[in-house]
Amino acid sequence: MAEPSAATQSPSVSSSSSGAESSALGGGSGSPGACPALGTKSCGSSCAVHDLVFWRDVKKTGFVFGTTLITLLSLAAFSVISVVSYLILALLSVTISFRVYKSVIQAVQKSEEGHPFKAYLDVDITLSSEAFHNYVNAAMVHINRALKLIIRLFLVEDLVDSLKLAVFMWLMTYVGAVFNGITLLILAELLVFSVPIVYEKYKTQIDHYVGIARDQTKSIVEKIQAKLPGIAKKKAE
């Protein structure tokens, strides 16, 4: 009588153990908060950029914003060689002065603290071949996507998209007549560090007006597509 009971219990035990294994495997990979290693790295970098442009850390964002803005303003007034040379000279002046100062202090106090930048000199900054290939592969994905987009726009796969590009480039000729590249980069930086925080503060109002503009643009595009025979025929098919 003992054998039948063991036999009847074995399916339930095996099914429960397999269910536990599947739930453990499924829970490890399908939980909402779980994130694979690669996704965690990309999420970490995107979150860092998000926190930077939304001024989550005012000191860090202010340092990055001020440094890049001063560099762009310097490039607008001086040549690239002059700006790079002055930046390197300024950095060397700080490091050499600090190195001499620490050496004098150690000589006066007769201490043996060693090199003041030893902690930074011992940091391993070598780029492994695996990391290099990962960066190259990630860049290749964006490059291939950009090449496909360029081909479909210039070979007029979609007439409306190609016309949009033509209109945009026509408008950019007027922008280029007023601003140069450095000026546009300065304006772009000002927008990057100001628009997100303004949008976060006035999100409801901005979304309302953007929705109105999007609906009007969509209706205009649909009217243009209806008047183009090639597009109308493609939609009918």
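Remember, predicted model here, so these are calculated numbers, not experimental data. (Residues numbered from 1 in each chain as written. Predicted model: local features only at pLDDT ≥ 70, side-chain atom pairs only at ≥ 80, totals over all residues. Heavy atoms only, no water.)

Thoughts on the overall build of the protein
Helix and strand counts for the protein come out as eleven helices and zero strands. In the protein, the succession of helices and strands from N to C terminus is α-α-α-α-α-α-α-α-α-α-α. Across the 237 residues that make up the protein, the buried fraction comes to 8%. Long-range contacts, defined here as pairs at least 24 residues apart, represent 44% of the contacts in the protein between residues at least 6 apart. Carbon and sulfur atoms make up 70% of the accessible area of the protein, which amounts to about 19,100 Å² in all. (Helix = DSSP H or I, 4+ residues; strand = E, 2+ residues; numbered from the N terminus. Buried < 20%, exposed > 50% of the residue type's maximum accessible area, 1.4 Å probe, protein only. Contact = heavy atoms within 4.5 Å. Areas by Shrake-Rupley, 256 points an atom, 1.4 Å probe, with all protein chains shown as cover.)

Comments concerning the nonpolar core
If you look at the biggest cluster of nonpolar residues, it comprises six residues: Leu52, Phe65, Leu69, Leu72, Ile186 and Phe193. A per-element tally of this core places helix α3 (residues 58–77) first, with three residues. (Core = buried A, V, L, I, M, F, W, Y, C linked by side-chain atoms within 4.5 Å.)

A closer look at the side chain of Gln106
As for its position among the elements, Gln106 is in helix α4 (residues 80–109). The exposure class of Gln106 is buried, given its relative accessible area of 15%.

A word on the confidence of the model for the protein
Here the protein shows a mean pLDDT of 79. Residues at 70 or above account for 77%. Per-residue pLDDT, averaged within each element of the protein, yields its smallest value for helix α1 (residues 2–30) (42) and its largest for helix α6 (residues 129–154) (94). Confidence drops under pLDDT 50 across residues 1–39; counting only partners more than four residues distant or on other chains, this segment forms three contacts. (pLDDT = per-residue confidence, 0-100.)

As for the packing of aromatic side chains
For the structure shown, the criterion picks out five aromatic pairs. Seen in terms of ring centroids, Phe65 and Phe193 are 5.1 Å apart; in terms of plane orientation they differ by 55 degrees. Their pairing is tilted. In this pair, Phe65 is assigned in helix α3 and Phe193 in the loop between α8 (181–192) and α9 (195–201), connecting sequence segments 128 residues apart. The residues Phe65 and Phe193 share a single accessibility class, namely buried. Aromatic ring contacts, followed pair by pair, group Trp55, Phe65 and Phe193 into a single cluster. (Phe/Tyr/Trp six-rings, centres within 6.5 Å; stacked < 30°, edge-to-face > 60°.)

A look at the UniProt feature "transmembrane region" (unreviewed entry) in the protein
In the numbering adopted here, UniProt assigns the feature "transmembrane region" (unreviewed entry) to residues 63–92 and 177–199. Counting secondary structure, residues 63–92 comes out at 93% helix and 0% strand; the distance between its end C-alpha atoms is 19 Å. For the annotated span residues 177–199, helix accounts for 83% and strand for 0% of the residues, and the straight-line distance between the end C-alpha atoms is 30 Å. (UniProt positions renumbered as here; feature names shortened; annotations may be inferred.)

Some points on the pattern of salt bridges
For the coordinates displayed, the defined rule picks out five salt bridges. Residue Glu157 is joined to Arg152 by a salt bridge in which the shortest nitrogen-to-oxygen separation is 3.4 Å. Its relative accessible area of 53% is what places Glu157 among the exposed residues. Under the relative-accessibility criterion, Arg152 is labelled partly exposed at 26%. (Salt bridge = Lys/Arg side-chain N within 4 Å of Asp/Glu carboxyl O.)

Digging into α4
Because an α-helix completes one turn every 3.6 residues, residues spaced three or four positions apart along the sequence face the same direction. Its 30 residues give α4 an end-to-end C-alpha distance of 44 Å, which sits within 8% of 44 Å, the value for a rise of 1.5 Å per residue. Immediately downstream of α4, the backbone of Lys110 shows phi near 55 degrees, a positive value. (Expected span 1.5 Å × (residues − 1).)

What about the packing of α6 against helix α7 (residues 159–178)?
Where α6 meets α7, the axes come as close as 8 Å, and the angle between the chain directions of the two elements is 95 degrees. Judged by the angle between their axes, α6 and α7 are roughly perpendicular. Contacts between α6 and α7 involve Arg152, Leu153 and Phe154 from the first element and Asp161, Ser162 and Leu165 from the second. Across the contact of α6 with α7, the residue classes break down as three nonpolar, one polar and two charged. (Axes fitted to C-alpha atoms, helices over the stretch in contact; angles between N-to-C directions. Parallel < 35°, antiparallel > 145°, perpendicular 65-115°, else oblique. Nonpolar A, V, L, I, M, F, W, Y, C, P; charged D, E, K, R; others polar.)

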